[in-house]
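Topology and contacts: notes
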Amino acid sequence: MKNQRIRKAVFPVAGLGTRFLPATKTVPKEMMPIVDRPLIQYAVDEAVEAGCDTLVFVTNRYKHSVADYFDKAYELEHKLEKAGKIAQLELIRDVLPKGVRAVFVTQAEALGLGHAVLCARAAVGDEPFAVVLPDDLIWHRNGAGALSQIADLAEQSGSSVIAVEDVPRAMTGSYGIVDAPSFDNRHGGIASMVEKPAPGVAPSTLAVVGRYVLDARIFDLLEGLAPGKDSEIQLTDAISQLLPIHPVLAYRFQGTRFDCGTHLGLIEATIRFALDHEALSAATVVAMQQALAEMGVVEH
Ligand code: G1P
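All residue numbers refer to positions counted from 1 along the written sequence of the respective chain. pLDDT decides what is reported in this predicted model: residues at 70 or higher carry local features, side-chain atom pairs at 80 or more are listed and counted, and totals for whole chains, interfaces and linings draw on all residues regardless. For the side-chain quantities, the full set of heavy atoms in the structure was used; hydrogens and water were omitted.

1. A look at unusual backbone geometry
- In this model, leucine 21 is joined to proline 22 through a cis peptide bond whose omega is 10°.
- The phi dihedral of lysine 196 is positive, around 50°, even though this residue is not glycine.
- Counting through the fold element by element, lysine 196 comes out in the loop between strand S11 (192–195) and strand S12 (206–214).
- Relative accessibility thresholds used throughout: buried, under 20% of the residue-type maximum; exposed, over 50%; partly exposed, between the two (1.4 Å probe, protein chains only). For lysine 196, a relative accessible area of 24% corresponds to the partly exposed category. To qualify as a helix, a DSSP run of H or I must reach at least 4 residues; to qualify as a strand, a run of E must reach at least 2; elements of each kind are numbered from the N terminus.

Structure below.
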């Protein structure tokens, strides 16, 4: 990986989202909104900001709405234009900025995150690329996005880079966990990595968050991989195999991550983005105070 800037980002969006049933019966979880934008839009914006111009969505055959969302909405655009609703028109035109293209590939079977990434191989080719998991929504007020941060480090160092954050030891079973002996509070080389270890055997409490910049050799490794944790083809296992042949750094990003794969994470993200919203912030504070008082949670 010769100090190349990433141009391509892979979004694995083929999951069933069973945690959010019944909503996800018809709405893919990546289309769940935080205020007025679906989760996938935040992920796409972060990738575009990091310099990506080719976005590869790994979907399943039921997720037409993700492709529809990034497609041109001729009829709606025409109506808004005729009605002079220019601000709204810009909003729907900007879902994919000019010069950025979307590619859709299908993951026929849900065989795991590693398998989803492998499905993007033909679209990515032989260059370093990003993987962005839209469930992990990262808010960094007025600062560079998390992907941009790790893409900078990958470009400077010629290494692969994975975003990490500290989690309570009791939570290691929900994440890929890295062992980075030289970690200096911001970054360090990864010596080993394990998918969802029990707290008692986790090598550290530094957890992988859904942002990766990876060398394209990962595809060969994924190709030959046997199912791992939960009988799935795990990206973590392929990265473990990459370690002896190519350096992979862990990077503690600046920003706040919301785990929008959980109910609470989705709620926290909604609160944060509403409080940070120019037009909604003050009213949100009032609404929250009122709700807390009416529910008897705090005195008004
Ligand atoms: C995936 C990865 C895991 C990583 C996590 C981050 O797990 O397999 O290593 O820590 O994303 O969100 P999932 O949450 O899809 O089970």
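2. Quick word on the side chain of aspartate 135
- Mapping aspartate 135 onto the fold places it in the loop between strand S6 (129–132) and strand S7 (136–139).
- A polar contact is formed between the side chain of aspartate 135 and the side chain of lysine 29, at a distance of 2.9 Å.
- Should any heavy atoms of two residues lie within 4.5 Å, those residues are counted as being in contact. Those residues within four positions of aspartate 135 in sequence are excluded, and the remaining contacts are Lys29, Phe258, Asp259, Cys260 and Gly261. Here a polar contact means two N or O atoms within 3.5 Å. Within protein one must be a hydrogen donor candidate and the other an acceptor candidate, and residues neighboring in sequence count only if both atoms are side-chain atoms.

3. Brief notes about the site of the ligand
- Nearness here has a simple test: a residue counts as near a molecule or strand if at least one of its heavy atoms is within 4 Å of that partner. Surrounding the ligand, one finds Leu113, Leu133, Asp136, Tyr175, Gly176, Glu195, Lys196, Val208, Gly210, Tyr212, Gln234 and Thr236.
- The side chain of aspartate 136 places a nitrogen or oxygen atom 2.7 Å from an oxygen atom of the ligand.
- Contact between the ligand and valine 208: an oxygen atom at 2.7 Å from a main-chain N or O atom of the residue.
- Expressed as a share of its isolated accessible area of 390 Å², the protein-covered part of the ligand is 75%.
- With three residues, the single largest contributor to the shell around the ligand is S12. Surface accessibility in these figures is a Shrake-Rupley result with a 1.4 Å probe; residues are shielded only by whichever protein chains are displayed.

4. As for the pattern of salt bridges
- We count a salt bridge whenever a side-chain nitrogen from Lys or Arg sits within 4 Å of a carboxyl oxygen from Asp or Glu. Applying the stated criterion across every chain yields a total of 17 salt bridges.
- The closest approach of N and O atoms between arginine 37 and aspartate 45, which form a salt bridge, is 2.9 Å.
- Ionic pairing is found between aspartate 166 and arginine 252, a salt bridge with its closest N-O pair at 2.5 Å. Of this pair, aspartate 166 sits in strand S8 (residues 160–166) while arginine 252 sits in strand S13 (residues 248–252), placing them 86 residues apart in sequence.
- Within the structure, one salt-bridge network assembled from shared partners comprises Arg5, Asp152 and Glu155.

5. Re the packing of aromatic side chains
- Centres within 6.5 Å make a pair out of two Phe, Tyr or Trp rings, where for Trp the six-membered ring is used; the pair is then stacked when the planes are under 30 degrees apart, edge-to-face when over 60, and tilted otherwise. According to the stated counting rule, one finds six aromatic pairs in the structure shown.
- Measuring from centroid to centroid gives 4.9 Å for tyrosine 42 and phenylalanine 273, while their planes differ by 65°, and the two rings are edge-to-face. Here phenylalanine 273 lies in helix H10 (residues 263–275) and tyrosine 42 lies in helix H1 (residues 39–49), a separation of 231 residues in the sequence.
- The class for phenylalanine 273 is buried, based on a relative accessible area of 14%.
- Consider the rings of phenylalanine 129 and phenylalanine 219, whose centres lie 4.9 Å apart with planes at 10°: the pair is stacked. With phenylalanine 129 in strand S6 and phenylalanine 219 in helix H8 (residues 218–223), this pair connects stretches of sequence that are 90 residues apart. With respect to class, phenylalanine 129 is no different from phenylalanine 219; both count as buried.
- Among the aromatic residues, those joined into a ring-pair cluster are Phe11, Phe57, Tyr69, Phe70 and Phe104.

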